[in-house]
Amino acid sequence: MSIMLSDSQLLEIIAYQNDYFLNKNPGLQREKLQGIQLYENFVLLITGVRRAGKSTLLLQLMKENQENSLFLNFEDPRLAGFELSDFQKLDKIIKNKKVKNLFFDEIQIFEGWEMYVRQKLDEGFKVAVTGSNASLMSREMGTKLTGRNLPYELFPFSYSEFLEFKNLENNSESAHKYLYDGGFPEFLNLENGLVLQRLLVDVLNRDIAVRYGVRDVNSLHQLAVYLISNIGKPVSATKLKDLFGLKSVSAITDYFSHLENTYLVQFLPKFSYSLKTQIRNPKKVYAIDLGLFTHNSIFFTDELGRRLENTVYLHLRRKYQEIYYFSEKKECDFVAIQQGKPMEILQVCYDIHTDNMKREFDGLVDALKYFEEDKGKIITFNQKDIFEVEGKTIELIPLNEFLMS
């Protein structure tokens, strides 16, 4: 049985949160802030993995709209008894405070939130919400808020944000550090790997096990660690079913879906114009951040090639919604598509030398021919060069240069 919140308790929680929140250091201004603003009639929806900085982005946005604004973090333990009827109490407080801008952090934990947000939009309020689960947010947006939401994804720090946060020069040493540390702000502050081990446990327990009623939490943990350890490799639910002793392929695909929706890992499909072919082929897995790989992987070697590939994937993922790996006769690591056209065709190789040059060039040329494109890139750690191969221009670009593009 939940303890009911009184009007005065809710008012006190809001006053405390707003005072504390607005006095916080807003931290490094996120690049994402440049592209977003509050609108009437549209809810601003910011999703991303836990601890990526969504609340900080909300604070930065709120400081730009501080007049007539109210902030409420729904994960406050004092709101554990909050239920649908309490939105009416919230309404009274909003009315008395003459508020026009509403900032709701992690609102998805309460059922019916989308109806309330819809009501506030209809009443002329500007609303911004954050959430750590892509699927929950999109499913609920698709019912009550179709056509009334502007979605944005926030990832841990990009390379350029990392450089600014750590006050580093853009060079190969900094790029090497980024390959290991990743971009979680809290970790970069403390440089304690326990922060990222704890983060993984929190997401698995709070955002997946509790929310989806997962009973076999141990298998979920093992699978998450396995996927994070195997970045850049193809994975298939059918093969993993036996490895983890699960009864059905659907159990694994459900776990895949939960892990992707909470942004811990991302899956990259093979390019094909046929959706069936895409579904039938294994997908490659990437971690949302390299720090997670460093501190949760079961590999104890450097794995520099896979770190580089994962970093390139994340850079592309910030820019494009549609990314694939290409595999016909040969394989090419990434094809980024926008409005049906290939925008970037990339191969990733830590170090191009005589033993691997033909393989890497052949895979890229194969993809360029398929898409009838003239130019492709190979992202290396620190090599820079230009080659002409079978009428195609291939540019070798160092990672730190690519990440600043």
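Look up a bit, the structure's there.
Residues numbered from 1 in each chain as written. Predicted model: local features only at pLDDT ≥ 70, side-chain atom pairs only at ≥ 80, totals over all residues. Heavy atoms only, no water.

**Student:** Please set out the pairing of strand β11 (residues 341–348) residue by residue, giving values where relevant.
**Tutor:** The element β11 is largely enclosed, with a buried count of six among its eight residues. By the bridge criterion, five bridges tie strand β10 (residues 331–338) to β11 in an arrangement that is antiparallel. Looking at the pairing, I337 lines up with P342 of β11. Counting the residues between successive antiparallel strands, the hairpin from β10 to β11 contains two residues, one of them, Q339, with a positive phi of roughly 50°. Of the strand pairs in this sheet, β11 and strand β12 (residues 375–380) are connected by three bridges, and their pairing is parallel. Each residue of the ladder has a partner; that of L346, found in β12, is K377. In terms of handedness, the path from β11 via helix α16 (residues 357–370) over to β12 forms a crossover that is right-handed. (Buried < 20%, exposed > 50% of the residue type's maximum accessible area, 1.4 Å probe, protein only. Helix = DSSP H or I, 4+ residues; strand = E, 2+ residues; numbered from the N terminus. Pairing = 2+ DSSP bridges. Right-handed = clockwise from strand over helix to strand, strands pointing away.)

**Student:** Account for the pattern of salt bridges, with residues named and values stated.
**Tutor:** Where charged atoms from two side chains of opposite charge approach closely, those side chains can pair. Under the counting rule described, the total for this entry stands at 28 salt bridges. Ionic pairing is found between K241 and D242, a salt bridge with its closest N-O pair at 3.3 Å. Here the residues in one salt-bridge network are R50, E75, R198, D202, R206 and D207, joined through shared partners. (Salt bridge = Lys/Arg side-chain N within 4 Å of Asp/Glu carboxyl O.)

**Student:** Just give me the short version of the sheet that holds strand β13 (residues 385–389), but keep the residues and values in it.
**Tutor:** Taking strand neighbours across the sheet as the criterion, the six strands line up as β9-β10-β11-β12-β14-β13 in an open arrangement whose pairing is mixed. Every other strand in the sheet has two partners, leaving β9 (322–327) and β13 as the edge strands with one partner each. When strand polarity is set aside, the average angle formed by the axes of neighbouring strands in this sheet is 30°. Helix α15 (residues 304–319) rests against β9, β10, β11 and β12 of the sheet, and its axis sits at about 165° to β11. Against the sheet, α16 contacts β9, β10, β11, β12, β13 and β14 (392–398), and its axis sits at roughly 175° relative to β11. (Axes fitted to C-alpha atoms, helices over the stretch in contact; angles between N-to-C directions. Contact = heavy atoms within 4.5 Å.)

**Student:** Account for the packing of helix α1 (residues 7–22) against helix α2 (residues 54–64), naming residues and giving values.
**Tutor:** With their axes 11 Å apart at the nearest point, α1 and α2 run at an angle of 85° to one another. Taken together, the axes of α1 and α2 are roughly perpendicular relative to one another. Facing N18, F21 and L22 of α1, the residues of α2 in contact are S55, L58, L59, M62 and K63. Counted by class, the contact of α1 with α2 contains five nonpolar, two polar and one charged residues. (Parallel < 35°, antiparallel > 145°, perpendicular 65-115°, else oblique. Nonpolar A, V, L, I, M, F, W, Y, C, P; charged D, E, K, R; others polar.)

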